[in-house]
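# Examination of the molecular architecture
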Amino acid sequence: MIVIRIITCHYPGRQWHGGGACMYTQGLNEAASKAGAHDAAGEDSALLQRFEARIEAEEKIEPKDWMPAAYRQTLIRQISQHAHSEIVGMLPEGNWITRAPSLLRKSILIAKVQDEGGHGAYLYGAAETLGVSRAELIDQLLAGQAKYSSIFNYPTPTWADIGAIGWLVDGAAIMNQIPLCRCSYGPYARAMIRICREESFHQRQGYDIMLKLARGSGEQRRMAQDALDRWWWPSLMMFGPSDTASQHTAQSVRWKIKRFTNDELRQKFVDFTVPQAKFLGLNVPDSELRWDAAAAQHRFGPIDWNEFQQVLKGHGPCNRERLAARRAAHEQGRWVREAASAYAARHAAAAAAAAA
Amino acid sequence: MSAMAPGAVAQDAATRDAMARVTTEQRVRYLLRLADTGLILAQRLGEWVGHAPAIEEDLGLANTALDLLGQARLLLGYAGELEGRGRSEDALAFLRAEADFLNVTLAEQPNGDFGDTIVRQFLIDAHQHELFERLANSADPRLAEIAAKALKETRYHLRYSSGWLVRLGDGTEESHARVQASLERLWPYTRELVEADALERAMAAAGIAPEPAELGAAWSKRVDAVLATATLRRPADVPFAWYGKQGRHSEHLGHLLSELQYLQRAHPGACW
Amino acid sequence: MTDRADWPLYEIFIRARGGLDHKHVGSVHAADPTMALEHARDVYTRRQEGVSIWVVRSADIVASDPADSDALFEPARDKIYRHPTFYDIPKEVDTL
């Protein structure tokens, strides 16, 4: 018998910590606000007060603890969208496994994509602690009802795209994920800690690819520049639109699911990444990009949010293909999963009969 | 007397004696057979990542692919050194033509469905298990070392593939029918695994490779045991045989190499 | 679209190194316990993080109820004499 210990200790001395940005909640806001509105009317305000006090005190909320319905729903959607993103994210990079240009690069890419599958597994596991099954979540994704990060709806037509994804997309993801390690919900925070530890090589291998290309032949340099041209703006869009307008943000911040604003993280990403591009000798495709010495920040051009909205709605270059690939994998694997279950059931029954 | 390759492990008299009975070219060809089987099989498994029946199987198949790729790299590196023409693991993997690849034909067969992949994997895992177990005592110390490491990995691969073969064979009516059909389709390629040729006989005589008949019998026994548990019927042997290990491949290898070698062929001399 | 036979959830406990306890690291789905061990190995030990794996069906885990946490855990709080730091041992006696 295993007894799971629930948090009991109380330590004062709060710090202002929270979760991450909108990357894994693209399209989430509306639904969660609806849940919040219903919630305020129905739930015991004393329980809610105690819950919020625990959060203030930096306590972790664990699976069987009382939590407001809106907290549970927000987390289920955010964690599952994050999980879906990892699984779908295996596809654009998986596209180059068979064509990786050296055996070492092939090994690294397989290991990276394998990690992404693993991250998806950890995150579905975390979501399941909130009372939803992985099968349900997967069904929602395949039915087109769930969202995942828009970035994975872009194609990887060249090898340089693999470099750009590691450098920019994983770079942006890391920026979002580190604050999530201190999210108030225990299982999500722990999954994020595990993910962050594994993620460190992902960005480095991407930058390493870009470095080799940038220092290579003329064709390789052009390949690298072309990839940067195509991945720069979608990477900035990963952080989500400016959240000044969202009332949902305030609640997420109060419940320590969200820590920094989308704009803050995006700015930080730009400031880190522009010098990295300079070092590669590549041009960032933004004619308005300049260094603002007074603010010690880069100023950059406007983002095409219409493109972002279209991709979110399913009209990006690869949305249909990505979902079709996941549906095919699921459907074509059904007989396999059923066989395993049938085998297990027959042998469990036989074992029970033998023991009787 | 064959020339000693640079970096060869210090050898005793018995080993030197064994090495003297085969040419360097024979030793290189034998190593390439092992290396290429691992490389080509890893390439096939790499196609599955992101498309497996469950996330955990994506990870399991990727794990096997990574192990096989690691083994291939060690073996290619050794072969290149022995050959002494300055060919690196990548030069060997990306710049040889079809007829110079020496993998068994079974390894290059397409993935098909999960059942086809598991059958292909099991048949090769069972062979590699017996092979590496015996190669760990090879008169070639470096090969013995590589084999000993590979054996640990192969034990897990065999556990994984036999486990799945049993679940599919003894699962549902549909899975049983499908995987029996996979077995019938792939069985003709197993003759190459058990039938020794001149190179294998020479390497065995030199104490570098295992005695072929004994190896073949061990493989057959292991396969029979798992097929029985899986409630699958062992197909009849067919007279027709393939000789990928001699560079005579099915049509599939050409397409596979087009993908594998594309970037290096398109950008000669480039660094990645 | 849901499978007629979903694989059950297993909780995974791993001993990272000899001498340490098994620690809960997460969960996997598997059709049977043997598969669960293999899945746990493939999902949770890719970076040499384990020498031993325990898998337990999630449905078999019995957990204390957070509502009872006061009754279960409060009484231990005032028996602080169970903790070594409760005792002021003179510095001269440094072997205790």
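Residues numbered from 1 in each chain as written. Chains lettered and ligands numbered in written order. Predicted model: local features only at pLDDT ≥ 70, side-chain atom pairs only at ≥ 80, totals over all residues. Heavy atoms only, no water.

## Side note on the overall build of chain C
What chain C contains, in helices and strands, is 2 helices and 3 strands. When the helices and strands of chain C are read in sequence order from the N terminus, they spell out β-β-α-β-α. Going through the 96 residues of chain C one by one, you find that 31% of them count as buried. Total accessible area on chain C is roughly 6500 Å²; 54% of this is exposed by carbon and sulfur atoms. (Helix = DSSP H or I, 4+ residues; strand = E, 2+ residues; numbered from the N terminus. Buried < 20%, exposed > 50% of the residue type's maximum accessible area, 1.4 Å probe, protein only. Areas by Shrake-Rupley, 256 points an atom, 1.4 Å probe, with all protein chains shown as cover.)

## Topic: the side chain of B:Ser138
Residues and elements named next belong to chain B. In this structure, serine 138 sits in the loop between α6 (114-135) and α7 (141-169). In terms of polar contacts, serine 138 uses its side chain to reach the backbone amide nitrogen of aspartate 140, at 3.0 Å. Here the side chain of serine 138 touches isoleucine 208 through a polar contact of 2.8 Å, landing on its backbone oxygen. With residues up to four places along the chain from it excluded, the contact list for serine 138 reads Leu143, Ala144, Gly207 and Ile208. (Polar contact = N/O pair within 3.5 Å; in protein donor to acceptor, adjacent residues only side chain to side chain. Contact = heavy atoms within 4.5 Å.)

## A look at the environment of B:Val238
All names here are of chain B. Turning to its location among the elements, valine 238 is positioned in the loop between α11 (212-229) and α12 (252-266). The sequence separation of valine 238 and tyrosine 189 amounts to 49 residues, and the corresponding C-alpha distance is 9.4 Å. If near-sequence neighbours (up to four positions away) are discounted, valine 238 is found in contact with Pro188 and Arg191.

## Comments concerning the packing of helix α7 (residues 186-214) of chain A against helix α10 (residues 262-280) of chain A
Residues and elements named next belong to chain A. Axis separation between α7 and α10 bottoms out at 9 Å; the angle between their running directions is 30°. Seen from α7, the contacting residues are Tyr207, Met210, Leu211 and Ala214; seen from α10, they are Gln276, Phe279 and Leu280. Its residues assigned to classes, the contact of α7 with α10 comprises 6 nonpolar, 1 polar and no charged. (Axes fitted to C-alpha atoms, helices over the stretch in contact; angles between N-to-C directions. Nonpolar A, V, L, I, M, F, W, Y, C, P; charged D, E, K, R; others polar.)

## Description of the sheet that holds strand β2 (residues 22-29) of chain C
Residues and elements named next belong to chain C. With antiparallel pairing, the 3 strands of this open sheet are ordered in space as β2-β1-β3. Strands at the two margins of the open sheet, each flanked by one partner only, are β2 and β3 (52-57). The average undirected angle you get between the axes of adjacent strands in this sheet is 30°. Direction of pairing for strand β1 (residues 9-15) relative to β2: antiparallel, over a ladder of 7 bridges. Residue leucine 9 lies in a different strand from β2, and its bridge partner there is histidine 29. Most of the contacts of helix α1 (residues 33-44) go to β2, to which it runs at about 110°, and overall it touches β1, β2 and β3. (Pairing = 2+ DSSP bridges.)

## A short note on the interface of chain A and chain B
Listed as interface residues are 44 residues of chain A and, on the opposing side, 47 residues of chain B. The junction of chain A with chain B conceals about 3900 Å² of combined surface from both sides, 68% of it contributed by carbon and sulfur atoms. Ranking the residues of chain A by area buried against chain B places A:Thr98, A:Leu103 and A:Trp335 at the top, with a combined share of 21%. Applying the counting criterion to the chain A and chain B interface returns 2 salt bridges. Across the pair B:Asp170 and A:Arg346 runs a salt bridge, and its minimum N-O distance is 2.7 Å. Joining chain A to chain B, the criterion identifies 15 residue pairs in polar contact (both at pLDDT 80 or more). Counting residues per element, the ones that place at least two in the side of chain A that touches chain B are α3 (69-94), α4 (103-128), α7, α8 (218-237), α12 (319-332) and α13 (334-355) of chain A. Take the side of chain A that touches chain B: its biggest share by element is 13 residues, from α4(A). A per-class count over the side of chain A that touches chain B returns 25 nonpolar, 9 polar and 10 charged. (Buried area = accessible area lost by both parts, 1.4 Å probe. Salt bridge = Lys/Arg side-chain N within 4 Å of Asp/Glu carboxyl O.)

## Points about the pairing of β1(C)
Residues and elements named next belong to chain C. Across the 7 residues of β1, 6 count as buried, placing the element largely inside the fold. Taken together, β1 and the strand that follows it, β2, pair antiparallel across an intervening segment of 6 residues, in which glycine 19 is found at a positive phi of about 100°. Pairing geometry for β1 and β3, over 6 bridges, is antiparallel. Across the sheet, residue phenylalanine 13 finds its bridge partner in β3, namely tryptophan 54.

## Quick look at the packing of aromatic side chains
This structure, assessed with the given rule, holds 17 aromatic pairs over all chains. Relative to A:Phe308, the ring of A:Trp305 has its centre 5.2 Å away and its plane inclined at 90°; by these criteria the two rings are edge-to-face. Of this pair, A:Trp305 and A:Phe308 are both found in helix α11 (residues 305-315), 3 residues apart, which corresponds to roughly one turn of the helix. Under the relative-accessibility criterion, A:Phe308 is labelled buried at 2%. Aromatic pair B:Phe114 and B:Trp164: ring centres 5.2 Å apart, planes at 85°, arrangement edge-to-face. (Phe/Tyr/Trp six-rings, centres within 6.5 Å; stacked < 30°, edge-to-face > 60°.)

## Quick word on the side chain of A:Arg194
Within the fold, A:Arg194 resides in helix α7. The exposure class of A:Arg194 is buried, given its relative accessible area of 12%. Apart from the residues within four sequence positions on either side, A:Arg194 is in contact with A:Tyr122, C:Val25, C:Tyr44 and C:Glu49.

## Thoughts on a nonpolar patch on the surface
Taken together, the side chains of C:Tyr87, C:Ile89 and C:Val93 present a nonpolar region at the surface, about 270 Å² in accessible area. Look at C:Ile89 and you get partly exposed, because its relative accessible area is 42%. (Patch = residues over 30% accessible without salt bridge, like charges linked within 9 Å, V, L, I, M, F, W, Y side chains within 5 Å.)

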